[in-house]
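Structural description and commentary
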Amino acid sequence: SHSKRVHFLLVETQTREYVQQVGDKTHVEASIDVKATYLYGHPYGHREGMVVSTMGGNFRSYNNSVKLTNGSVMIESALRGLHIGTYLFHKITSWAKSFDPSARIVPIMVIAGDAGPENRERRNKLYTNSGIRFIWTDTPGAGGRSAPDLTVADLAPYSHWPNIEPCYGFSALSQAWRELDVIREKASRLKASKAYYRKHYNSVSKRLSAITTMLNWPLCIVTFVFGLLLARGIGWYQGFGF
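Residues numbered from 1 in each chain as written. Predicted model: local features only at pLDDT ≥ 70, side-chain atom pairs only at ≥ 80, totals over all residues. Heavy atoms only, no water.

Before going further, it helps to examine the environment of Ile 135. As for its position among the elements, Ile 135 is in strand E7 (residues 134-136). It is 5.9 Å that separates the C-alpha atoms of Ile 135 and Ser 146, two residues lying 11 residues apart in sequence. With residues near it in sequence (within four places) discarded, Ile 135 still touches Gly 144, Arg 145, Ala 147 and Pro 148. (Helix = DSSP H or I, 4+ residues; strand = E, 2+ residues; numbered from the N terminus. Contact = heavy atoms within 4.5 Å.)

Okay, the sheet that holds strand E5 (residues 104-105) next. Read across the sheet, 5 strands follow the order E1-E2-E3-E4-E5 without closing on themselves; strand pairing throughout is mixed. A single partner strand is all that each edge strand has here, and the edge strands are strand E1 (7-22) and E5. Of the strand pairs in this sheet, strand E3 (residues 51-60) and strand E4 (residues 65-67) are connected by 3 bridges, and their pairing is antiparallel. Residue Asn 58 lies in a different strand from E4, and its bridge partner there is Lys 67. Strands in contact with helix H1 (residues 84-96) are E1, strand E2 (25-41), E3 and E4; relative to E3, the strand with the most contacts, it is inclined by about 15°. (Pairing = 2+ DSSP bridges. Axes fitted to C-alpha atoms, helices over the stretch in contact; angles between N-to-C directions.)

Pairing between side chains of opposite charge can happen when their charged atoms approach one another. The tally for this structure, following the rule as stated, stands at 5 salt bridges. Lys 35 is the partner of Glu 12 in a salt bridge, and the nearest nitrogen-oxygen pair spans 3.9 Å. You can see Glu 12 sitting in strand E1 and its partner Lys 35 sitting in strand E2, a full 23 residues away along the chain. When its relative accessible area of 32% is taken as the criterion, Glu 12 is described as partly exposed. (Salt bridge = Lys/Arg side-chain N within 4 Å of Asp/Glu carboxyl O. Buried < 20%, exposed > 50% of the residue type's maximum accessible area, 1.4 Å probe, protein only.)

In terms of burial, E3 is largely enclosed, as 7 of its 10 residues are buried. Here 9 bridges tie E2 to E3, and the two strands are oriented antiparallel to one another. Within E3, the position partnered with Val 34 by the bridge is Met 55. Between the antiparallel neighbours E3 and E4 lie 4 residues, among them Asn 64 with a positive phi of about 50°.

What follows concerns the pairing of E2. The sheet contact formed by E1 and E2 spans 16 bridges and is antiparallel. For Arg 16, the partnering residue across the bridge sits in E2 and is Ser 31. Hairpin connection from E1 to E2: 2 residues lie between these consecutive antiparallel strands, with Gly 23 at a positive phi of about 65°.

Now for H1. Taking 1.5 Å per residue as the helical rise, H1 with its 13 residues ought to reach 18 Å, and the 19 Å between its terminal C-alpha atoms agrees with that figure. Summarising burial for H1: 11 of the 13 residues are buried, a large majority. Those residues of H1 that fall on the buried side of the exposure criterion are Ile 84, Gly 85, Thr 86, Tyr 87, Leu 88, Phe 89, His 90, Ile 92, Thr 93, Trp 95 and Ala 96. Of the surrounding elements, those touching the buried residues of H1 are E1, E2, E3, E4 and helix H2 (120-128). (Expected span 1.5 Å × (residues − 1).)

Take the packing of aromatic side chains next. Under the definition given, this model contains 7 aromatic pairs. Here the aromatic rings of Tyr 87 and Trp 161 are separated by 4.9 Å at their centres, their planes lie at 75°, and the arrangement is edge-to-face. One end of the pair, Tyr 87, is in helix H1; the other, Trp 161, is in the loop between strand E8 (144-146) and helix H3 (171-233), with 74 residues separating them in the sequence. The pair Tyr 87 / Trp 161 is uniform in exposure class, with both members buried. Taking 5.6 Å as the distance between ring centres and 85° as the angle between the ring planes, the aromatic pair formed by Phe 89 and Tyr 127 counts as edge-to-face. Placement of Phe 89 in helix H1 and of Tyr 127 in helix H2 is noted, with a sequence separation of 38 residues between them. (Phe/Tyr/Trp six-rings, centres within 6.5 Å; stacked < 30°, edge-to-face > 60°.)

The following block contains the structure:
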């Protein structure tokens, strides 16, 4: 059973990819970050703007491995049992499925301290519903690590959460944030251009100053001689006497 209260969460997904060409080989490093923030709902001890969970993963082609966690797969305690963790983890496993099916899954560690009476089954289902098998070190279902032979091909993104419904009423907010990102990028480029043109301006100013200095003395001498000749021509100057 699930709470009849309605909670609104903002789920943000950010992916990055870095490609490097070394000789005839292409190396790829990619990452994903998923964050859920509480927006509003029934006053159930939650604060607007509270981060409910942050999850992430990464892929490295040089050893063909995928990491499905950033070290923490946790949900705010008051909101556990609502499939929020499964929803976020589904985004990571779906992202991982875009890579080489033979890529190795970096083993995931789970500890017995997190396997309380209410949390054990819920925690384990989050992983097993996505095709992850565990090797238990002590009490079955308590502590252990995922099977070392797991690959991306074994992952099965789980997408069953009857109590979660995507709300696209925030599409305007999402569009505004995308536009803000574009503006920030343009501002960054303008700052870089400003720095370039300022440097170029200073360089040109220095060169013009040097050229002006070089021209000043010859012009002064020519002007002085011309003045003497002009003065002599009109009788104001007859030359130096000794």
